[in-house]
Amino acid sequence: MSTYILRRILLVFPLLLGVTIINYTIFALAPGDPVSAMIDPFELSQMTEEDLQAAREALGLNEPVPVRYLLWLGQAVQGNLGYSIWFNTPVFDVMLRALGNSMPVMIFALLISTIAGITLGIISALKPYSLLDSVLTTFAFAGVAVPGFFFALLLIYAVAIKMDILPTGGVTTPGVEPSLGNRLSHIILPGLALAYETTGSLLRYTRSSLLEVLHQDYMTTARAKGLVEHVVILRHGLRNALLPIITILGLRLPSMFGGAVLIETVFNYPGIGLTMVQATGMRDYPLLMGGVLMTAVLVLLSNLLADLSYTVADPRIRYEEG
């Protein structure tokens, strides 16, 4: 087991290297540069080519792309992700602040979607082909089919504007003394919007996986021993149906980072998604690379955690040491 964990951890490094090479190349080949984004368009039109070259040289943009990448990589392995061109702040500080805003939303979305998706999936599996099952299946397909940003707009219109129950966006309410309650009220709507698609996926996979095990021989044996039905379902049925559910949960974190780009933009929520959108518009390459690196690390760690969770869900699974 320890050898398997070590191998998976060592595999993270070449994967990260590949991710950074691909993304750095894409950013470097994209049209425009930070100089044109930083300078006022009128001032830019008055500058000579020599002035532009001097500005690019000051930012280290005159070097070939491979040289710039190696310089960035050499600093990154030392923990220095550089300075944000737009915020004029260390990239690590900007991303840490953005991640600190995004994590409560993602954790809230993951908890809501996991509890609701698995619970509704169990209910749907226990009442197959009934009216309730049809309603829940329709809800699940709607969660997959309806774009997250559209559902976010519906929440803003219905809950924030019409009912005026929750704020429309931001981290705190302007003019209101910051408090835990006020902060929590700002993560509910983006969290629900982010959780909607995941809930539908988990509902479908839980229903499908549980239906496969409900009529297995060991379930009949458990009932024959006199165990009450909810113990049979939860202890014997659900545990054996957990493997595909764990896989889906392990893949949800990358989806949430992707969904956060749209959801945080809709709610104007200053998390990692909105920060990456702003960095793209400003062509802030150091900030973009820092965000990509931090996101890739979290995604790879979540996949490792999902792999290790298999042994907890199913003791028959063992990773060989050799």
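Each chain carries its own residue numbering, running from 1 in the written order of its sequence. Whole-chain, interface and lining totals are the exception, using all residues; otherwise, since this is a predicted model, local features are given only for residues with pLDDT of at least 70 and side-chain atom pairs are given and counted only at 80 or more. No hydrogens and no water enter the side-chain calculation; it runs on all heavy atoms of the structure.

**Things to note about the overall build of the chain**
Here is step 1 of the chain: Broken down by element type, the chain carries 14 helices and zero strands.
Here is step 2 of the chain: The numbering of helices and of strands both runs from the N terminus, where a helix is a DSSP run of H or I of at least 4 residues and a strand a run of E of at least 2. Sequence-ordered secondary structure for the chain, helices as α and strands as β, is α-α-α-α-α-α-α-α-α-α-α-α-α-α.
Here is step 3 of the chain: Projecting the C-alpha coordinates of the chain onto the three principal axes gives extents of approximately 85 × 60 × 35 Å.
Here is step 4 of the chain: Across the 322 residues of the chain, 39% fall into the buried class.
Here is step 5 of the chain: Excluding contacts between residues fewer than 6 apart, the proportion of contacts in the chain whose partners are at least 24 apart in sequence is 74%.
Here is step 6 of the chain: Positive and negative side-chain charges of the chain, numbering 18 and 22 respectively, have mean locations separated by a distance of 17 Å. Throughout this description, buried means an accessible area under 20% of the type-specific maximum (1.4 Å probe, protein chains only), exposed means over 50%, and partly exposed covers the range between. In this description, contact between two residues means that some pair of their heavy atoms is separated by no more than 4.5 Å. In this charge count, Lys and Arg are treated as positive and Asp and Glu as negative; neither His nor the chain ends contribute. A single reference atom marks each charge: NZ on Lys, CZ on Arg, CG on Asp, CD on Glu.

**Side note on a nonpolar patch on the surface**
Here is step 1 of the chain: Two joining distances apply to patches: 9 Å for like charges and 5 Å for nonpolar side chains (Val, Leu, Ile, Met, Phe, Trp, Tyr), and every residue must have over 30% relative accessible area and no salt bridge. Areas reported as accessible are Shrake-Rupley estimates using a 1.4 Å probe. Residue values count occlusion only from the protein chains shown. Salt bridge criterion: a side-chain nitrogen from Lys or Arg within 4 Å of a carboxyl oxygen from Asp or Glu. A contiguous nonpolar surface patch, about 450 Å² in accessible area, is contributed by F149, F150, L153, L154 and L262.
Here is step 2 of the chain: A per-element tally of the nonpolar patch places helix α8 (residues 148-162) first, with four residues.
Here is step 3 of the chain: Classification of L154 as partly exposed rests on a relative accessible area of 42%.

**A short note on the pattern of salt bridges**
Here is step 1 of the chain: Using the criterion set out here, one finds one salt bridge in the structure.
Here is step 2 of the chain: Across the pair D133 and R207 runs a salt bridge, and its minimum N-O distance is 2.8 Å. On the criterion of sequence distance, the pair formed by D133 in helix α7 (residues 131-145) and R207 in helix α9 (residues 180-213) is long-range, its members being 74 residues apart.
Here is step 3 of the chain: Look at D133 and you get buried, because its relative accessible area is 3%.
Here is step 4 of the chain: On the basis of relative accessible area, R207 is assigned to the buried category, the value being 16%.

**As for unusual backbone geometry**
Here is step 1 of the chain: Here N268, not a glycine, exhibits a phi torsion of approximately 50°, which is positive.
Here is step 2 of the chain: By the element assignment, N268 lies in the loop between α12 (242-266) and α13 (272-281).
Here is step 3 of the chain: Note on N268: relative accessible area 52%, which makes it exposed.
Here is step 4 of the chain: Backbone geometry places R283, a non-glycine residue, at a positive phi of 55°.
Here is step 5 of the chain: With respect to the element layout, R283 can be found in the loop between α13 and α14 (285-313).

**A few points about α8**
Here is step 1 of the chain: Taking 1.5 Å of rise per residue, the 15 residues of α8 would be expected to cover 21 Å, and the 20 Å separating its terminal C-alpha atoms lies within 8% of that figure.
Here is step 2 of the chain: Taken as a whole, α8 carries its principal kink of about 25° at I156.
Here is step 3 of the chain: If you check which residues of α8 are buried, you get F151, A152, L155, I156, V159 and A160.
Here is step 4 of the chain: Buried residues belonging to α8 abut α9 and α12. In this analysis, the expected span of each helix is defined as 1.5 Å times one less than the number of residues it contains. The quantity called bend is, for any residue, the angle between two axes fitted respectively to the seven residues ending at it and the seven beginning at it.

**Comments concerning the environment of G117**
Here is step 1 of the chain: Mapped onto the secondary structure, G117 falls in helix α6 (residues 91-126).
Here is step 2 of the chain: Separated by 80 residues in the primary sequence, G117 and E197 place their C-alpha atoms 9.9 Å from one another.
Here is step 3 of the chain: Discounting residues that sit within four places of it in the chain, G117 has contacts with I112, T199, L202, L203 and T206.

Just distances and angles here, no functional claims.
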